[in-house]
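Descriptive structure summary
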Amino acid sequence: MKSVLIALAITGMLATGTAAATEKLARASGCMTCHAVDKKLIGPGFKEIAAKYRGDQDAEARLAQKVKAGSSRTWGTMAMPPNAHVKEADIKVLVHWILSQK
């Protein structure tokens, strides 16, 4: 029983560390200039994005493309500029993290 509790605690710490690392990547990539996790700034909050696309099987690929190329008219009149400076692998990690928000 004790080993199960230790394993659960370690898993929780790793998940928290991964979330912090992913938020750090979002900051380094410039995402947090316009977005926040739980509220609208210039663009929608990540939790709002996750809620909109929850259950959409194609969301990760479609959103990764929007992040890379930019998009407009999804959340109002403000366009999201292209983020070609962000590595493709980092975009995939970020989109996966964004869609995991609850």
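Anyway, here's the lowdown on the structure attached to this text. Here the structure is a predicted model, which is why all the values come from computation and not from measurement.

Examining helix α3 (residues 59-69)
Within the span of α3, buried status applies to Ala59, Leu63, Ala64 and Val67. Buried residues of α3, viewed axially, fall in a sector of 125°; they line one side. On its buried face, α3 sits against α2 (46-53) and α4 (88-99). Among the residues trailing α3, Gly70 stands out with phi positive, at a value near 90°.

Let's talk about the packing of aromatic side chains
Tallied over the entire structure, the rule returns one aromatic pair. On the numbers, 5.5 Å between centres and 70° between planes, the contact of Phe46 with Trp97 is edge-to-face. Here Phe46, found in helix α2, pairs with Trp97, found in helix α4; they are 51 residues apart in sequence, far enough to count as distant. With respect to class, Phe46 is no different from Trp97; both count as buried. Cation over ring: Lys52 sits above Trp75, and NZ or CZ is 4.5 Å from the ring centre.

A look at the packing of α3 against α4
Between α3 and α4, the shortest axis-to-axis distance is 9 Å and the interhelical angle comes to 125°. Viewed along their axes, α3 and α4 adopt a mutual orientation that is oblique. Where α3 crosses over α4, the two elements pack in a sense that is right-handed. Contacts from Ala59, Glu60, Leu63, Ala64, Val67 and Lys68 in α3 reach Glu88, Ile91, Val95, His96 and Leu99 in α4. By residue class, the composition of the contact of α3 with α4 is seven nonpolar, one polar and three charged.

Quick notes on the layout of surface pockets
Computed from the structure, the largest pocket encloses a volume of approximately 610 Å³. Taken together, 33 residues make up the lining of the largest pocket; nearest its centre are His35, Gly43, Pro44, Ile49 and Met80. Going through the elements one at a time, α2, α3 and α4 are the ones with two or more residues in the lining of the largest pocket. The residue makeup of the lining of the largest pocket, split by class, is 18 nonpolar, eleven polar and four charged.

Calculation rules
Residues numbered from 1 in each chain as written. Predicted model: local features only at pLDDT ≥ 70, side-chain atom pairs only at ≥ 80, totals over all residues. Heavy atoms only, no water. Buried < 20%, exposed > 50% of the residue type's maximum accessible area, 1.4 Å probe, protein only. Helix = DSSP H or I, 4+ residues; strand = E, 2+ residues; numbered from the N terminus. Arc of directions from axis to C-beta. Contact = heavy atoms within 4.5 Å. Phe/Tyr/Trp six-rings, centres within 6.5 Å; stacked < 30°, edge-to-face > 60°. Lys NZ or Arg CZ within 6 Å of the ring centre and 35° of its normal. Axes fitted to C-alpha atoms, helices over the stretch in contact; angles between N-to-C directions. Parallel < 35°, antiparallel > 145°, perpendicular 65-115°, else oblique. Left-handed = near helix turned anticlockwise from the far one by under 90°. Nonpolar A, V, L, I, M, F, W, Y, C, P; charged D, E, K, R; others polar. 1 Å grid on protein atoms, 1.4 Å probe; cavity = no way out; pocket = protein on both sides within 12 Å on 5 of 7 lines; lining within 4 Å. Points joined across faces, edges and corners; volume = space filled by probe spheres on them.

On their own, these measurements won't tell you what the molecule is for.
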